[in-house]
Amino acid sequence: MSREVRIAVLVSGGGTNLQALIDAQQAGIIKSGTLSLVISNNEGAYALTRAQNAGIKTVVINKKALGGQTAFEDRLLATLAAEQIDLIVLAGFMVILTKRVTDAYAERILNVHPSLIPSFCGEGFYGLRVHEAALAYGVKVTGATVHFVNEIPDGGRIILQRAVEIREGDTPEILQRRVMQEAEWQILPRATELVAKEIKEKKE
Ligand code: GAR
């Protein structure tokens, strides 16, 4: 078995969190693992271009084209095994994974969520919707969470969180950007290194 910790990043959209991971690897913040593969469920995701620009292998697995969740997960598991992936990072990945996948990679899948869990999380809370809900509720502080992924959406053990203040006049778009900049792009690379380091130590 290789001693290298191989990391796969799963994406669906713009990929600014993927970019933060790429930048962190280049800056030596992520040093216990290697970004080895980027998988997208969406062939139009700009995240794929970011991966290609960084020289990272990309794979598209389209749930609709394959005929549904089971076939999607079959292909996903086969791809992860073929690429000898040790750690999976969900970075703006908009497909919910079932227990079959989360059990196969228990405490080996991380997700970044744009709120302070347990607020504004679970099924239906993704992307801009999370920030719309936080503003509608009137909370004064929000933030981001990186957690392990289990079969409960946004329900796994929390690894890191960072708070972000809400300001007068915030729109969902302005708030989303601030939460990314001040929280997500900081804590996702750090949590990835923390977990990659633990996996590396177990391999040695
Ligand atoms: C990020 O804000 C991420 O936290 C969120 O989607 C955005 C993806 O942006 N994820 C979720 O809502 C998951 N429940 P990105 O593609 O630029 O990284």
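Relevant structure appears above.
Residues numbered from 1 in each chain as written. Predicted model: local features only at pLDDT ≥ 70, side-chain atom pairs only at ≥ 80, totals over all residues. Heavy atoms only, no water.

(A) Representation of the sheet that holds strand β2 (residues 34–40). Ordered by their spatial adjacency, 7 strands build an open sheet running β3-β2-β1-β4-β5-β6-β7, and the pairing between neighbours is mixed. Pairing within the sheet leaves two strands with one partner each, and these edge strands are β3 (57–60) and β7 (158–165). Between one strand and the next, the sheet's axes are offset by a mean angle of 20 degrees, whatever the strand orientation. As paired elements, strand β5 (residues 109–113) and strand β6 (residues 141–148) share 4 bridges and run antiparallel to each other. Bridged to Val112 within β6 is Val146. Running at roughly 155 degrees to β3, helix α2 (residues 46–53) makes contact with β1 (6–11), β2 and β3 of the sheet. Packing against the sheet, helix α4 (residues 69–82) makes contact with β1, β2, β3 and β4 (87–90), and its axis sits at approximately 160 degrees to β2. (Pairing = 2+ DSSP bridges. Helix = DSSP H or I, 4+ residues; strand = E, 2+ residues; numbered from the N terminus. Axes fitted to C-alpha atoms, helices over the stretch in contact; angles between N-to-C directions. Contact = heavy atoms within 4.5 Å.)

(B) Spotlight on the pairing of β3. Bridging between β2 and β3 involves 4 bridges; their strand directions are parallel. Across the sheet, residue Ile39 finds its bridge partner in β3, namely Val59. A crossover connection joins β2 to the parallel β3 through α2; in handedness this β-α-β unit is right-handed. (Right-handed = clockwise from strand over helix to strand, strands pointing away.)

(C) Summary view of the packing of aromatic side chains. Scanning the entire structure with this criterion turns up 2 aromatic pairs. A centroid spacing of 6.4 Å and a plane angle of 20 degrees characterise the contact between Phe72 and Phe93, whose relative ring orientation is stacked. Here Phe72, found in helix α4, pairs with Phe93, found in the loop between β4 and α5 (99–104); they are 21 residues apart in sequence, far enough to count as distant. When the ring of Phe120 is compared with that of Tyr137, the centres are 6.1 Å apart and the planes differ by 70 degrees; the resulting orientation is edge-to-face. Placement of the pair is Phe120 in the loop between β5 and α6 (128–137) and Tyr137 in helix α6, with a sequence separation of 17 residues. Residue Phe120 is classed as buried on the basis of its relative accessible area of 15%. We classify Tyr137 as exposed; its relative accessible area is 66%. (Phe/Tyr/Trp six-rings, centres within 6.5 Å; stacked < 30°, edge-to-face > 60°. Buried < 20%, exposed > 50% of the residue type's maximum accessible area, 1.4 Å probe, protein only.)

In short, shape yes, function no, at least from these values alone.
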